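Below are the chains, spelled out letter by letter.
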Amino acid sequence: MPLRGISLSRVLSGPRDRRPWAFTGPGRQGRLLLAAYHIARVILGLTFVYASIHKILDPIAFAEAVNNYRILPADLVNLTALVLPWIELIAGTLLLLNVWVPGAALVVCGLLVIFTGAITLNMARGLDIACGCFTTSPAKGGMNLLTLCRDSSFLVLSFFLLFMVLRKPGARLPSQKTESHPEDHASTGGAKR
Amino acid sequence: MNLPSAVITVREALLQAVLILVLSACLGIGVNALRSDRIPLVQDWSLETQMTDDLGNRTDIGLKEAVRLFHEGSAVFLDARPKDEYERGHIRGARSLPFEQADAHVVEALIDTDPGTPIITYCDGPYCTLSHDLAHLLREFGFSDVRVLVNGWSLWKEHGLPVEQGRAPDDPDDNDT
């Protein structure tokens, strides 16, 4: 598929020559970075899969939670309540499976920006509503600063993940020594093919 | 065509993200269509519809009517907000039944109340849902005449109607003071 340098098969298979182990660089720091990548990926994956379950099981309650935010026009409330949990489930599953991580990380990051914005907005408005984040029960899960801290932490994790997968292959963090490794050149060369 | 690899990665990410969104939309709408308890794709979320029960009766009450019942003393007023907000000020004579713990306290709060007695729930703010949730719960408990005074606390104060502060006289937590 000629989308200026990207073929559909490439997108489906994932960035083979850009997988983290090709660009976390050599040595201890590279291994730590790789471990951090996997930890961030698994934490976000589990969180999103877990958060999606209640919402998929009880769309009526989740639609009400979405409506209570008073952000979306009424016509979009139900559509959002139906589709959003599946986005969470699929993006979370992809992160757990370590496939399509660039796309999944982008989606997760986007969602978290929206969630954090919506929570902040409604806390500023002083609206006393349920978060609807991990449970659709209105009796549990009011929103407070802790909710915001939790979301912000996830947001930082997702930015880190996005940063990792969108880095140029072979690129090093500024703090990493720029010693030359033959396999790095190989992976950089491969990407330009 | 030789694009910088970082550009390709960003494009791949965008394309994957779009595919994730499309797949989710198909699954979300498709699975909903297959469910027996499906929800409509577009629903009337206006306040008016929300304040009508399955039989078409209004579930809210106007201030005038609420004031009339208040002066008659024929209705029970229930404050659905958290206890600390109740203690800072509430409609005079209202009982505290915070929605978050309502399940466990309905019986003790309404033990002397006949199921047909008019009950008026309120919280604060036009979009506060606690009073609606509480009213819904009480109907499930068998109370037949439960209505919501929307934006009750602000409305009551604005109109200079009788209020009071502190705990309810029969609050068991009151013994230590």
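Residues numbered from 1 in each chain as written. Chains lettered and ligands numbered in written order. Predicted model: local features only at pLDDT ≥ 70, side-chain atom pairs only at ≥ 80, totals over all residues. Heavy atoms only, no water.

**Student:** Even after reading the chapter, I still don't get the environment of A:Leu106, so can you show me in this structure?
**Tutor:** Mapped onto the elements, A:Leu106 comes out in helix 6 (residues 101-125). Considering only alpha carbons, one finds A:Leu106 and A:Ser158, 52 residues apart in sequence, at a separation of 8.1 Å. (Helix = DSSP H or I, 4+ residues; strand = E, 2+ residues; numbered from the N terminus.)

**Student:** Mind showing me how you'd approach the packing of aromatic side chains here?
**Tutor:** Residues and elements named next belong to chain B. Under the counting rule described, the total for this entry stands at four aromatic pairs over all chains. With a centroid separation of 5.1 Å and an interplanar angle of 75°, the aromatic rings of Phe70 and Trp156 are classed as edge-to-face. Of this pair, Phe70 sits in helix 3 (residues 63-72) while Trp156 sits in helix 7 (residues 152-158), placing them 86 residues apart in sequence. Here Phe70 matches Trp156 in class, with each residue buried. (Phe/Tyr/Trp six-rings, centres within 6.5 Å; stacked < 30°, edge-to-face > 60°. Buried < 20%, exposed > 50% of the residue type's maximum accessible area, 1.4 Å probe, protein only.)

**Student:** What exactly am I supposed to notice about unusual backbone geometry here?
**Tutor:** For residues other than glycine, phi is negative in most cases, and the peptide bonds are mostly trans. We note that A:Asn98 has phi near 60°; this positive angle belongs to a residue other than glycine. Locating A:Asn98 in the fold gives a position in the loop between helix 5 (74-97) and helix 6. Of note in this structure, B:Asn151 is not a glycine but carries a positive phi near 60°. Here B:Asn151 lies in the loop between strand 5 (146-149) and helix 7. By relative accessible area, B:Asn151 is classed as buried at 18%.

**Student:** Is there a simple way to think about the pairing of strand 1 (residues 76-79) of chain B in this case?
**Tutor:** Strand residues, when the strand is regular, have side chains that alternate between the two faces of the sheet. Residue and element names in this part refer to chain B. Neither face of strand 1 is left uncovered, since the one carrying Val76 and Leu78 and the one carrying Phe77 and Asp79 both have all their residues buried. Both strand 1 and strand 4 (residues 119-122) contribute to a ladder of four bridges, which runs parallel. Bridging from a neighbouring strand, Asp79 pairs with Tyr122 of strand 4. Note that strand 1 and strand 3 (residues 95-96) share two bridges and pair parallel. Pairing of Asp79 across the sheet is with Ser96, part of strand 3. (Pairing = 2+ DSSP bridges.)

**Student:** Sorry if this is basic, but what is going on with the packing of helix 5 of chain A against helix 6 of chain A here?
**Tutor:** Packed helix pairs are characterised by how far apart their axes lie and by the angle those axes make with each other. Residues and elements named next belong to chain A. At a minimum axis separation of 9 Å, helix 5 and helix 6 run at an interaxial angle of 135°. If you check the angle between helix 5 and helix 6, you find them oblique. Helix-helix and strand crossings are classified by hand; for helix 5 and helix 6 the assignment is left-handed. Two secondary-structure elements touch here, helix 5 through Leu84, Ile87, Glu88, Ala91, Leu94 and Leu95 and helix 6 through Val101, Ala104, Ala105, Val107, Val108, Leu111 and Phe115. (Axes fitted to C-alpha atoms, helices over the stretch in contact; angles between N-to-C directions. Parallel < 35°, antiparallel > 145°, perpendicular 65-115°, else oblique. Left-handed = near helix turned anticlockwise from the far one by under 90°. Contact = heavy atoms within 4.5 Å.)

**Student:** Help me understand the state of the cysteines, please; the structure alone is not making it clear to me.
**Tutor:** Residue and element names in this part refer to chain B. Tallied over the entire structure, the rule returns one disulfide over all chains. Between the sulfur atoms of Cys123 and its disulfide partner Cys128 the distance amounts to 2.1 Å. Across the S-S bond of Cys123 and Cys128 the torsion is about -125°, and the bridge reads as left-handed. With relative accessibility at 1%, the residue Cys123 sits in the buried group. When its relative accessible area of 6% is taken as the criterion, Cys128 is described as buried. (Disulfide = S-S within 2.5 Å.)

**Student:** Hey, could you run me through the pairing of strand 4 of chain B in this one?
**Tutor:** All names here are of chain B. The alternating pattern of strand 4 places Ile119 and Thr121 on one face and Ile120 and Tyr122 on the opposite face, and all of these are buried. Here strand 4 runs beside strand 5; their pairing, made up of four bridges, is parallel. In the sheet register, Ile120 faces strand 5, and the bridge partner there is Arg147. Regarding the hand of the β-α-β motif, the stretch spanning strand 4, helix 6 (residues 130-140) and strand 5 is right-handed. (Right-handed = clockwise from strand over helix to strand, strands pointing away.)

**Student:** Please explain a nonpolar patch on the surface as it appears in this structure.
**Tutor:** Residues and elements named next belong to chain A. A cluster of nonpolar side chains, Ile71, Leu72, Leu76 and Leu121, forms an exposed patch at the surface whose accessible area comes to about 300 Å². Its place among the elements puts Ile71 in the loop between helix 4 (59-68) and helix 5. The class for Ile71 is partly exposed, based on a relative accessible area of 41%. (Patch = residues over 30% accessible without salt bridge, like charges linked within 9 Å, V, L, I, M, F, W, Y side chains within 5 Å. Areas by Shrake-Rupley, 256 points an atom, 1.4 Å probe, with all protein chains shown as cover. Salt bridge = Lys/Arg side-chain N within 4 Å of Asp/Glu carboxyl O.)

**Student:** I would appreciate a short explanation of the sheet that holds strand 3 of chain B in the present structure.
**Tutor:** To summarise the sheet geometry, strands pair through backbone hydrogen bonds and adopt either a parallel or an antiparallel arrangement. Within the open sheet, the four strands sit side by side as 3-1-4-5 (chain B). Their pairing is parallel. Of all the strands in the sheet, just strand 3 and strand 5 of chain B have a single pairing partner and so form its edges.

**Student:** Explanation requested: the pattern of salt bridges in the structure shown.
**Tutor:** Opposite charge on two side chains permits them to pair, given that their charged atoms come into close proximity. Here the structure, examined in full by the defined rule, presents nine salt bridges over all chains. The partner of B:Asp145 in a salt bridge is B:Arg147, with the nearest N and O atoms 3.3 Å apart.

**Student:** Is there a simple way to explain the confidence of the model for chain B in this structure?
**Tutor:** Predicted coordinates in regions of low pLDDT should not be interpreted in detail. In the predicted model, chain B carries a mean pLDDT of 84, and the fraction of residues at 70 or more is 85%. Here the prediction assigns the complex a pTM of 0.66, and the interface score ipTM is 0.78. (pLDDT = per-residue confidence, 0-100.)

**Student:** Just to check I follow, could you spell out the nonpolar core for this structure?
**Tutor:** One broad rule of soluble globular proteins: the nonpolar side chains tend to lie buried together. A:Leu44, A:Leu95, A:Val107, A:Val108, A:Leu112, A:Leu161 and B:Ile20 are the most contacted members of the largest nonpolar core, which totals 38 residues. Taken together, the elements giving at least two residues each to this core come down to helix 3 (27-57), helix 4, helix 5, helix 6 and helix 7 (145-166) of chain A together with helix 1 (5-34) of chain B. Take this core: its biggest share by element is 10 residues, from helix 5 of chain A. When sequence neighbours within four positions are dropped, the list of residues in contact with A:Leu161 reads A:Tyr37, A:Ala40, A:Arg41, A:Leu44, A:Leu95 and A:Ala105. (Core = buried A, V, L, I, M, F, W, Y, C linked by side-chain atoms within 4.5 Å.)

**Student:** I would appreciate a short explanation of the packing of helix 5 (residues 102-109) of chain B against helix 6 of chain B in the present structure.
**Tutor:** Residues and elements named next belong to chain B. In contact at an axis separation of 11 Å, helix 5 and helix 6 are set at 65° when each is read in the N-to-C sense. Helix 6 is crossed by helix 5, and the crossing has right-handed handedness. Facing helix 5, whose interface residues are Ala102, Asp103 and Val106, helix 6 presents Leu134, Leu137 and Leu138. Its residues assigned to classes, the contact of helix 5 with helix 6 shows five nonpolar, no polar and one charged. (Nonpolar A, V, L, I, M, F, W, Y, C, P; charged D, E, K, R; others polar.)

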